[in-house]
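So you can see what is in the structure, the chains are spelled out below.
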Amino acid sequence: MVVDIEFLEEKARQIRIEIVKMLTNAGSGHTGGSLSATDIVTALYFYKMKHNPKNPQWKERDRFVLSKGHAAPVLYAALALSGYFDKSLLNSLRKLGSPLQGHPCCKNLPGVEVSTGSLGQGLSVACGMALGLRLSGINSRVYCLLGDGELQEGQVWEAAMTASHYKIDNLCAVVDHNNLQIDGHCSDVMNIKPIEDKFIAFGWNVFTIDGHNMQEIVDALEAAEKTKGKPTMIIANTVKGKGVSIFEGKVQYHGVAPTQEELEIALKELKNGKK
Amino acid sequence: MGKNECTCALNELSEFYSKEMATRDVYGITLVEMGKKNPDIVVLDADLSCSTKTAKFAKTFPDRFFNMGISEQDMIGVAAGLALTGKIPFASTFAIFATGRAWEQIRQTVCYSNANVKIVATHGGITVGEDGATHQALEDVALMRVIPGMTVIVPADAYETAQVIVSATEYYGPVYIRLGRAKVSPVMPEDYRFEIGKAHIFKLGKDVNIIANGLMVAEALKASEILNKEGIDAGVANFSSVKPIDSEALLKIAKSSKLIVTAEEHSIIGGLGSAVAEFVCENHPVPIKRIGIKDTFGCSGSWKELLKFYGLTSENIIHTVREFFKK
């Protein structure tokens, strides 16, 4: 299959623009982790996953679980650009009465598979979905995006055992490994390394990639699908705030929205990046 | 989404009528029967399948049973995932671990997503016995009742338990069902039909009404018999459905009562007694006495001794009523 990498990179750029715009409009939210996850989420929604925005409940769709629910803006932008709802709805992020809650709620918004936001819970849900699909004989895959700080949650490792024990090979998890969490560097707050060795020891097939290299992302997702008998973990090395120089690698943009001035800088940089 | 297809005709449950059985045993049997009829039913357990009685299902349907090991949080999350692909998962372990260890998973992932997960916990209450406080769930009903969208059921006997399992399967949405370890006396009449949100009034008393659930229904019935002989008009109601609570029945009871006594195998904080007090205070205030565990941990002992030790007996109900009417 020929992959149009340039098309995906352009989609990612558009998603980043929507992320900074909606966050500035909302006045709060998680900038850094939405931007670091953008290329991965773009590759899933615009290349790898089979899904139908006109029929969100389509039984044979692939599922995406955003375990790091605070990166809701990247999911909302991907859903809007896919056609699940009108782009104008992004302006309502975090506003009273909006289906775009601060963290994703599946009761409010078609396309959101499960409510997330409390870290550590998504991988279990993804395991359950993958088992349910397998039991029903549906040949669909489940993708789960985790944060690296999130790996400090014990439940992640319970789920890691489950995925391996039940040989859940229709499951592919991705760690958005941007090295930062609210209180600082992951290695200072609570060291999570070596991530790769841990998942290998838990019985997973593990790939480590550059999480901003679209070709590498696409290749890893393809290789994951070919892996039988065990789940796959893609450790995506990323940069927090990727795409906007003033946010990149800065922990203070974990849970802070861009100001109007920062938005202008961000838009200028992102628009200059047009292919 | 609408109701799931009916999985089990009620007349097949009549085998449990008037049987003295532990509610967990009824669960194990009913689950297998329903599993035969509804292929969407799947079962999860956290290394306690012999105690929760889901082992019967595991043996009959090994492909639809998932032992999650000793990891309750993951079990609840996996159950939610299964539900979100159209399965009807029953997740079982002891009540304290199901509701305590995995409370936030139940709140965030199950209820906030309105996932169709049935949490059927055994070993609720003090009758766990010898294992002691760490294994005796005295707070589980409170913990589940406070979560929006959760249905909370505490069946009284074998016959009701089988019906509750069937109803939970037919209903779409999260349900918590609390079962016990000890054998319980049969109390529900043959023509009884359980409905979520409906109480069963055995008799409406003009002086006192005892509102109970679980094994305390049997104690309430014993107490009312003696009180009636003493000239106190005592009624009894089974409020197995703690949430939603039957407000119509409660109002009727409150209007007919000089005193309401609640009786439950649970802390007096947050459970049935609290639910009744909340409603009665706001809608038709009547004096209420709550019988239950009085804000303390349990301890080891035989279950019969423990029920006496903590005052979960017909004698204590009688004593409480007599004291009130002495004034």
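Residues numbered from 1 in each chain as written. Chains lettered and ligands numbered in written order. Predicted model: local features only at pLDDT ≥ 70, side-chain atom pairs only at ≥ 80, totals over all residues.

### Some points on the overall build of chain B
Along the backbone of chain B there are 13 helices and 14 strands. Taking 20 Å as the expected radius of gyration for a compact globule of 327 residues, we find that chain B reaches 19 Å, a close match to that expectation. Oriented by its inertia axes, the alpha-carbon framework of chain B measures out at about 60 × 40 × 35 Å. Per-residue burial for chain B yields a buried fraction of 59% across its 327 residues. Across chain B, the fraction of contacts at a sequence separation of at least 24, relative to all contacts at a separation of at least 6, is 80%. (Helix = DSSP H or I, 4+ residues; strand = E, 2+ residues; numbered from the N terminus. Rg over C-alpha atoms; globule rule 2.2 N^0.38 Å. Buried ≥ 20, exposed ≤ 12 C-beta atoms within 10 Å, placed from the backbone. Contact = placed C-beta atoms within 7 Å.)

### Quick look at the overall build of chain A
The helix and strand tally for chain A stands at ten helices and seven strands. Seen through its principal axes, chain A has C-alpha atoms that stretch 50 × 45 × 40 Å. The buried share of chain A, taken over its 275 residues, is 53%. For chain A, contacts bridging at least 24 residues in sequence account for 77% of all contacts bridging at least 6.

### As for the domain arrangement of chain B
All names here are of chain B. The assigned domain composition of chain B is domain 1 (10-184) and domain 2 (200-326). On a C-alpha basis, the centroid separation for the pair domain 1 and domain 2 is 25 Å. Counting from both sides, the interface comprises 25 residues of domain 1 and, opposite them, 31 residues of domain 2. Those elements that place two or more of their residues in the side of domain 1 that touches domain 2 are α7 (140-145), β6 (151-153) and α8 (158-170). (Domains from an automatic or database assignment.)

### What about the interface of chain B and chain A?
How big an interface is tends to be stated in terms of the accessible area lost upon association of its parts. With 24 residues of chain B at the interface, the matching set in chain A holds 24 residues. Of all the elements in the fold, those that place two or more residues in the side of chain B that touches chain A are α4 (72-84) and α6 (103-111) of chain B. The leading source of residues in the side of chain B that touches chain A is α4(B), at nine residues.

### Side note on the sheet that holds strand β3 (residues 171-177) of chain A
All names here are of chain A. Strand order in this open sheet of five strands is β1-β2-β3-β7-β6, and the pairing throughout is parallel. Each edge of the sheet is formed by a strand with only one pairing partner; in this case those strands are β1 (63-66) and β6 (205-210). Averaged over all adjacent pairs, the angle separating strand axes in this sheet is 20 degrees, with direction ignored. Here β3 runs beside strand β7 (residues 232-237); their pairing, made up of six bridges, is parallel. Bridge assignment links A173 to a residue of β7, and that residue is M233. (Pairing = 2+ DSSP bridges. Axes fitted to C-alpha atoms, helices over the stretch in contact; angles between N-to-C directions.)

### Things to note about the sheet that holds strand β14 (residues 288-293) of chain B
Residues and elements named next belong to chain B. With mixed pairing, five strands are arranged side by side in an open sheet as β9-β11-β10-β13-β14. Pairing within the sheet leaves two strands with one partner each, and these edge strands are β9 (200-203) and β14. This sheet shows a mean twist of 20 degrees between the axes of neighbouring strands, independent of strand direction. As defined by bridge partners, strand β10 (residues 208-212) adjoins strand β11 (residues 234-238) across five bridges and the pair is classed as parallel. Paired with N209 across the two strands is G235, which belongs to β11. Strand contacts of helix α11 (residues 272-283): β10, β13 (259-267) and β14, with the helix running at about 145 degrees to β13, the strand carrying the most contacts. Here helix α13 (residues 314-326) sits on the sheet in contact with β10, β11, β13 and β14, set at roughly 150 degrees to β13.

### Describing the environment of G235(B)
All names here are of chain B. With respect to the helices and strands, the residue G235 is situated in strand β11. Residue G235 is classed as buried on the basis of its 23 C-beta neighbours within 10 Å. Here G235 is in contact with I201, K203, L204, G205, N209 and S224, once residues within four sequence places are set aside.

### Describing the nonpolar core
Core analysis: the largest hydrophobic core is formed by 191 residues, its most contacted members being A126(A) and I210(B). Residue assignment places this core across two domains, with domain 1 (10-184) and domain 2 (200-326) of chain B each supplying three or more. Leaving out residues up to four positions away in the same chain, I210(B) has contacts with A220(B), A223(B), S224(B), A234(B), V236(B), V261(B), A263(B) and I317(B). (Core = buried A, V, L, I, M, F, W, Y, C linked by C-beta atoms within 7 Å.)

### Topic: the environment of K222(B)
Residues and elements named next belong to chain B. Relative to the helices and strands, K222 is located in helix α9 (residues 216-229). Taking the number of C-beta atoms within 10 Å as the measure of exposure, K222 has 18 and is therefore partly exposed. Along the chain, K222 and Y27 lie 195 residues apart, while their C-alpha atoms are 26 Å from each other.

### Notes on the packing of helix α3 (residues 38-48) of chain A against helix α9 (residues 214-226) of chain A
Residues and elements named next belong to chain A. In contact at an axis separation of 10 Å, α3 and α9 are set at 60 degrees when each is read in the N-to-C sense. Compared by their axis directions, α3 and α9 come out oblique. The handedness of the crossing between α3 and α9 comes out as right-handed. Residue-level contacts link D39, I40, A43, Y47 and K48 of α3 to M214, I217, V218 and L221 of α9. (Parallel < 35°, antiparallel > 145°, perpendicular 65-115°, else oblique. Left-handed = near helix turned anticlockwise from the far one by under 90°.)

### A closer look at helix α4 (residues 72-82) of chain A
All names here are of chain A. Summarising burial for α4: nine of the eleven residues are buried, a large majority. Along α4, the positions that sit buried rather than exposed are A72, P73, V74, L75, Y76, A77, A78, L79 and A80. Contacts made by the buried residues of α4 are with α1 (5-26), α2 (31-36), α3 and β1. One or two positions beyond α4, positive phi appears at G83, with a value near 105 degrees.

### Re the environment of D45(B)
Residue and element names in this part refer to chain B. Within the secondary structure, D45 is located in strand β2 (residues 41-45). By the C-beta count within 10 Å, which is 25 here, D45 ends up buried. Separated by 21 residues in the primary sequence, D45 and F66 place their C-alpha atoms 6.6 Å from one another. The contacts of D45, once residues within four sequence positions are left out, are T52, T54, N67, M68, S92 and T93.

### Considering the pairing of β7(A)
Residues and elements named next belong to chain A. Across the six residues that make up β7, a large majority, five, are buried. When β6 meets β7, the two strands line up parallel, connected through six bridges. Bridge pairing links N205 to T232 in β7. With α9 bridging β6 and its parallel neighbour β7, the resulting β-α-β unit is right-handed. (Right-handed = clockwise from strand over helix to strand, strands pointing away.)

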